[in-house]
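Residue strings, one per chain:
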Amino acid sequence: MQTIEWQDFEKVELRVATIRSARRNEKALKPAYVLEVDLGELGVKTSSAQITAHYGCDELIGRQVLCVCNFAPKRIAGVCSEVLVTGVYDSENRVVLAGFDKPLPNGARLA
């Protein structure tokens, strides 16, 4: 594993967001959702996420997630994805979302 300096980690804007809406991205080659996430003072941002294996649209609404907020926007299957919603692959290569066990303010930065 390659090591990084603390200053490198500080450049990554990892922040809490609450999912406000979720819908299938019909243009995606692999099943994906288009998410609208509330980042508090940073506003509402769009993300394309391949998280359909474990989550339905309805159960995502109101869920708090951890997002990388300072990647350049990326066009994915017709969607301008502004943030990366984070997760980890399980043993069957399906994404499990990173989350929190207590409510947090939207936009709070990972310490």
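Under an unreviewed UniProt entry, the name given to the chain is tRNA-binding protein, and the source organism is Ectopseudomonas composti.

Trainee: Please clarify how the pairing of strand β4 (residues 64-68) should be interpreted in this entry.
Mentor: In the case of a regular strand, side chains alternate between the two sheet surfaces. By the criterion of burial, β4 is predominantly enclosed, with five of the five residues buried. With burial as the criterion, each face of β4 is covered, one bearing Gln64, Leu66 and Val68 and the other bearing Val65 and Cys67. With five bridges joining them, strand β1 (residues 14-24) and β4 adopt antiparallel strand pairing. For valine 16, the partnering residue across the bridge sits in β4 and is leucine 66.

Trainee: Can you help me understand the packing of aromatic side chains in this one?
Mentor: Within a pair of aromatic rings, the relevant descriptors are the distance that separates the centres and the angle that separates the planes. Counting across every chain of the model gives one aromatic pair. An angle of 45 degrees between the planes, with centres 5.2 Å apart, marks the rings of tryptophan 6 and phenylalanine 9 as tilted. In this pair, tryptophan 6 and phenylalanine 9 both sit in helix α1 (residues 6-10), three residues apart, roughly one turn of the helix. On the basis of relative accessible area, tryptophan 6 is assigned to the exposed category, the value being 53%.

Trainee: Hey, could you run me through the pattern of salt bridges in this one?
Mentor: A side chain of one charge can pair with a side chain of the opposite charge if their charged atoms are brought near each other. In this structure the tally under the stated criterion is five salt bridges. Note that arginine 15 is salt-bridged to glutamate 13, the shortest N-O span being 2.7 Å. Close ionic contact of arginine 94 with aspartate 90 constitutes a salt bridge, the shortest N to O distance being 3.2 Å. Judged by its relative accessible area of 29%, arginine 94 falls in the partly exposed class. Ionic contacts of the salt-bridge type, sharing partners, join the residues Glu13, Arg15 and Arg109 into one network.

Trainee: Would you explain unusual backbone geometry in this entry?
Mentor: Of all residues except glycine, most have a negative phi; of all peptide bonds, most are trans. For alanine 77, which is not a glycine, the phi torsion comes out positive at approximately 50 degrees. Even without a glycine there, the phi angle at asparagine 93 is positive, about 65 degrees. By the element assignment, asparagine 93 lies in the loop between β8 (87-89) and β9 (95-97).

Trainee: I keep staring at the side chain of threonine 18 and nothing clicks. Help me out?
Mentor: Within the secondary structure layout, threonine 18 lies in strand β1. Other than its neighbours up to four places away in sequence, threonine 18 contacts Glu36, Val37, Asp38, Gly62, Arg63, Gln64 and Asn106.

Trainee: Could you clarify how one ought to interpret the UniProt feature "domain: TRNA-binding" (unreviewed entry) in the chain in this entry?
Mentor: The positions that UniProt labels "domain: TRNA-binding" (unreviewed entry) are, in the present scheme, residues 8-111. Secondary structure across residues 8-111 divides into 7% helix and 40% strand, with the first and last C-alpha atoms of the span separated by 14 Å.

Trainee: Which parts of the structure should I look at to understand the environment of alanine 98?
Mentor: Within the fold, alanine 98 resides in the segment after β9. By relative accessible area, which is 25% here, alanine 98 ends up partly exposed. For the pair formed by alanine 98 and glutamate 5, sequence separation is 93 residues and the distance between their alpha carbons is 23 Å. When sequence neighbours within four positions are dropped, the list of residues in contact with alanine 98 reads Gln64, Val65, Leu66, Thr86 and Gly87.

Thresholds applied
Within any chain, residue numbers begin from 1 and follow the written order of that chain's sequence. Totals for whole chains, interfaces and linings use every residue, but because this is a predicted model, local features are given only for residues with pLDDT of at least 70 and side-chain atom pairs only at 80 or more, for both listing and counting. To get the side-chain values, take all heavy atoms of the structure and skip hydrogens and water. Using a 1.4 Å probe on the protein chains alone, a residue whose accessible area is under 20% of its type maximum counts as buried, one over 50% counts as exposed, and one in between counts as partly exposed. The way it works is that DSSP assigns letters per residue, a run of H or I at least four long becomes a helix, a run of E at least two long becomes a strand, and they are numbered from the N terminus. Pairing between strands requires that DSSP locate at least two bridges from one strand to the other. Side-chain rings of Phe, Tyr and Trp, where Trp is taken by its six-membered ring, are said to pair if the distance between their centres is within 6.5 Å; with planes under 30 degrees apart they count as stacked, over 60 as edge-to-face, and otherwise as tilted. Think of a salt bridge as a Lys or Arg side-chain nitrogen and an Asp or Glu carboxyl oxygen that are within 4 Å of each other. Residue contacts follow a heavy-atom distance rule, with two residues in contact if any of their heavy atoms lie within 4.5 Å. UniProt positions are given in the numbering used here, feature names are shortened, and annotations may be inferred rather than shown by experiment.

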